[in-house]
Amino acid sequence: MPKIKSSRTKRAPEGFDDIEPTLREFQTKMKDAENDPHEGKRKIEALWPIFRLHHQRSRYVYELYYKREAISKELYEYLLKQGYADANLIAKWKKAGYEKVCCLRCIQPKDTNFGTTCVCRVPRDKLEDGKVIECIHCGCRGCSSGSGASAGSAASRKGKPAAKSDDA
Amino acid sequence: MAQIKADPNKVSWEESAFPILCETCLGDNPYLRMTKQSQAKACKVCERPFTVFRWCPGVGMRFKKTEICQTCSKVKNVCQTCLLDLEFGLPVQVRDTALGLEDNAPRSEVNKEYFAQNMDAHFQSTENGLGSGGFGKAESAGREMLKKLQRTEPYYKRNRQHICSFFVKGNCTRGAECPYRHEMPLEGELKNQNLKDRYYGTNDPVARKILAGPKAGGGGRQFTPPDDKTITSLFITGLTDAVQEKDLKGFFYVFGELKSVVIARKNNCAFINFATRAGAELAFEKAGGGINLEGAALRVSWAKSRPVGAKSEQQKAGPTPGAVMDALQAGPPPPPGSNSKVAYPSQDPTYQGSTSKYR
């Protein structure tokens, strides 16, 4: 949604009304996450809910356009332009091996000591058996492509809103 | 090597290219990656800035870093991380007691710094620390004792994660994700350890335990024939894989008829069960000081009688419980993960290749 609505603001493309309630719900959730107190959380945990919601919302838009083909290209571009989805993250999802990437920080090797990616990118079978990991950037528990259904991204594992998959 | 500023009045800042570490602290991974940060922290002994190295010593271990500066490490010939002697892997107090070394390192703030700078200059000119200096003949007995006390292989359990302090209080909310160990800490004297005491070799509970333990001659192991006349077994420790059952049999049958020889490979120990008490006594008389078989220095002591009760029935087949405890102290268990098939992801060439682009 445009930050400021005026008489000159362009109208949203066709079909926006159908998905607006869901996007609004995401928006309120994001607001809640932003205003959440940090007490009792670890330093690194503070931003996890933000990353998680950001991933969820982008994923929602991505699936609407690329997977279910429920929205028009025009509307999709409108959503990207208005910041409802992260174009850079979606660009990664289109690449082989990056289908489930949790966030962009986790695949940025320049940020690590040994030029590696985040631990959540390690396939489940390469990890120690029974080891549960939570990456420090976004709290992802594993988002490698090869791990199958058992290793979805953080968003798909932790309380995805039930309403999301059904509308539009 | 450490580079020290020329001006003697300036506080010297250490700059080193490689840490001084023991085998255990480095871990079992031959492809170790380390980070280096110059003057990152204050040495926990002399409080001067020093180069901190940080690495992970293997799968499932915690990240370790150097804790004291190289000068302090060289003064005592200890590992920069675990503060155990580099040659023997024993606490400073144990080594100093055995070798009769005097602790003359100053404790007061100013004197400490002066001492550290003097030592720096000394190491600059001579290039050797305490360990490489020659030991007199008087110390050879002490060195023998230290050799008996030291571990035969690295003790990697020391590198495990710390115990979760929240779990101990009963309110860890992280559950399975918690990287710290969910165990209760050991009670007793051993939990009150402190880095400075360990470094200076004063009031170190671990050292006290080792010095009072069986191998240092502080009691515990039976060296006099036990009063219980039914005991006809000798307990052998320090076994290596080279020592076979026939070697033991070949050595001990001359003293009397053998009932059986039981070898516990896992604990590097064995039991020689004689048919008669006289045989066992004769064997202990001849071999009690230790024997040498196939290049392994074996230590011989009397086995202990089994406690009477339900427990002894369960363990009928195995060695006596007391003896097992002795054996556990004698040799550490194999390192965790040493038998696993894929030890390190970094041994995988594709893994290495994937990162090279960004270096």
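No experiment lies behind these values; they were computed from the predicted model shown.

Once that is clear, we can look at the overall build of chain A. Within chain A, the secondary structure is distributed over 5 helices and 0 strands. Secondary structure of chain A in N-to-C order comes out as α-α-α-α-α. Within chain A, residue pairs in contact and separated by at least 24 positions form 57% of the contacts whose partners lie at least 6 positions apart.

A count of helical and extended segments in chain B gives 13 helices and 8 strands. When each of the 359 residues of chain B is scored for burial, the buried share is 40%.

Before going further, it helps to spend a moment on the confidence of the model for chain A. Per-residue confidence for chain A gives a mean pLDDT of 85, with 86% of residues at or over 70. Low pLDDT (under 50) marks residues 149–168 of chain A, which in the prediction has 46 contacts with non-local residues, meaning those over four places away or in another chain.

So, about the interface of chain A and chain B. Across the boundary between the two partners, chain A contributes 12 residues, which contact 13 residues of chain B. In this assembly, chain A packs against chain B so that about 1,100 Å² is buried in total across both faces, 60% of it on carbon and sulfur atoms. Broken down residue by residue, the surface that chain A buries against chain B is led by R42, F114 and V132 of chain A, which jointly contribute 44%. Among the salt bridges present, the one from E177 of chain B reaches R141 of chain A, with a minimum N-O distance of 2.7 Å. At the boundary of chain A and chain B, one finds 1 residue pair in polar contact (both at pLDDT 80 or more).

Turning next to the nonpolar core. As a rule of thumb, soluble globular proteins bury nonpolar side chains together. If you look at the biggest cluster of nonpolar residues, it comprises 24 residues, and the most contacted ones within it are F16, I19, L23, Y60, I71, L75 and L79 of chain A. Elements that contribute at least two residues to this core include exactly α1 (16–35), α2 (48–67), α3 (73–81) and α4 (87–93) of chain A.

The subject of this paragraph is empty space enclosed by the protein. Residue and element names in this part refer to chain B. Enumeration according to the criterion identifies 2 cavities of 30 Å³ or more in this entry. The volume enclosed by the largest cavity comes to roughly 90 Å³. Lining the largest cavity we find 13 residues, and of these V45, C72, K112, F115 and Y199 sit closest to its centre. Breaking the lining of the largest cavity down by element, the ones donating at least two residues are α2 (70–76), α4 (109–126) and α7 (195–200).

Right, let's get into the packing of α1 of chain A against α2 of chain A. Residue and element names in this part refer to chain A. Viewed as axis vectors pointing N to C, α1 and α2 meet at an angle of 170 degrees, and their least axial separation amounts to 9 Å. With respect to each other, α1 and α2 are oriented roughly antiparallel. Contact with α1, carried on its side by I19, T22, L23, F26, Q27, K29, M30, A33 and E34, involves P49, I50, L53, H54, Q56, R57, Y60 and L64 of α2 and no other residues of that element. Of the residues assigned to the contact of α1 with α2, the class counts are 10 nonpolar, 4 polar and 3 charged.

Residue and element names in this part refer to chain B. If you trace the 5 strands from one edge of the open sheet to the other, you get β5-β6-β4-β8-β7, paired in antiparallel fashion. Edge positions in the sheet fall to β5 (258–264) and β7 (291–293), since each of these pairs with one other strand and no more. Between one strand axis and the next, the sheet turns through 25 degrees on average, direction left out of account. One ladder, built from 6 bridges, connects β5 with strand β6 (residues 269–274); its direction is antiparallel. Looking at the pairing, V261 lines up with I272 of β6. Against the sheet, helix α10 (residues 277–287) makes contact with β4 (233–237), β6, β7 and β8 (296–302), and its axis sits at roughly 135 degrees relative to β8, the strand it touches most.

With the rule as written, the count across this model stands at 14 aromatic pairs over all chains. Measuring from centroid to centroid gives 5.4 Å for Y62 of chain A and Y66 of chain A, while their planes differ by 40 degrees, and the two rings are tilted. With Y62 of chain A and Y66 of chain A both in helix α2, this residue pair falls 4 residues apart, about one helical turn. Both rings, one in F251 of chain B and one in F255 of chain B, keep their centres 6.0 Å apart while their planes meet at 65 degrees; by these two values the pair is edge-to-face. Clustering of aromatic rings is evident, with ring pairs tying together Y62, Y65, Y66, Y76 and W93 of chain A. Residue placement shows R107 of chain B over the ring face of Y200 of chain B; its charged tip is 3.9 Å from the ring centre.

You can see R143 of chain B is positioned in helix α5 (residues 140–149). Within the local environment of R143 of chain B, its side chain forms a polar contact with the side chain of E87 of chain B, the two groups lying 2.6 Å apart.

What follows is about the sheet that holds strand β3 (residues 64–65) of chain B. All names here are of chain B. Strand order in this open sheet of 3 strands is β1-β2-β3, and the pairing throughout is antiparallel. Two strands close off the open sheet at either side, each with one partner strand: β1 (34–42) and β3. Pairing geometry for strand β2 (residues 49–55) and β3, over 2 bridges, is antiparallel. Pairing of R54 across the sheet is with K65, part of β3.

Under the defined criterion, the tally for this structure stands at 21 salt bridges over all chains. A salt bridge links E77 of chain A to K73 of chain A; its shortest N-O distance comes to 3.3 Å. Within this pair, E77 of chain A and its partner K73 of chain A are both found in helix α3, separated by 4 residues, close to a single helical turn. A single salt-bridge network, built from bridges that share partners, covers E134 and R141 of chain A together with E177 of chain B.

Turning to α2 of chain A, a few remarks are in order. The buried fraction of α2 of chain A amounts to 14 of the 20 residues, a majority that puts the element mostly inside the structure. Following α2 of chain A by one or two positions, E69 of chain A adopts a phi angle in the positive range, close to 50 degrees.

Definitions and limits used
- Residues numbered from 1 in each chain as written.
- Chains lettered and ligands numbered in written order.
- Predicted model: local features only at pLDDT ≥ 70, side-chain atom pairs only at ≥ 80, totals over all residues.
- Heavy atoms only, no water.
- Helix = DSSP H or I, 4+ residues; strand = E, 2+ residues; numbered from the N terminus.
- Contact = heavy atoms within 4.5 Å.
- Buried < 20%, exposed > 50% of the residue type's maximum accessible area, 1.4 Å probe, protein only.
- pLDDT = per-residue confidence, 0-100.
- Buried area = accessible area lost by both parts, 1.4 Å probe.
- Salt bridge = Lys/Arg side-chain N within 4 Å of Asp/Glu carboxyl O.
- Polar contact = N/O pair within 3.5 Å; in protein donor to acceptor, adjacent residues only side chain to side chain.
- Core = buried A, V, L, I, M, F, W, Y, C linked by side-chain atoms within 4.5 Å.
- 1 Å grid on protein atoms, 1.4 Å probe; cavity = no way out; pocket = protein on both sides within 12 Å on 5 of 7 lines; lining within 4 Å.
- Points joined across faces, edges and corners; volume = space filled by probe spheres on them.
- Axes fitted to C-alpha atoms, helices over the stretch in contact; angles between N-to-C directions.
- Parallel < 35°, antiparallel > 145°, perpendicular 65-115°, else oblique.
- Nonpolar A, V, L, I, M, F, W, Y, C, P; charged D, E, K, R; others polar.
- Pairing = 2+ DSSP bridges.
- Phe/Tyr/Trp six-rings, centres within 6.5 Å; stacked < 30°, edge-to-face > 60°.
- Lys NZ or Arg CZ within 6 Å of the ring centre and 35° of its normal.

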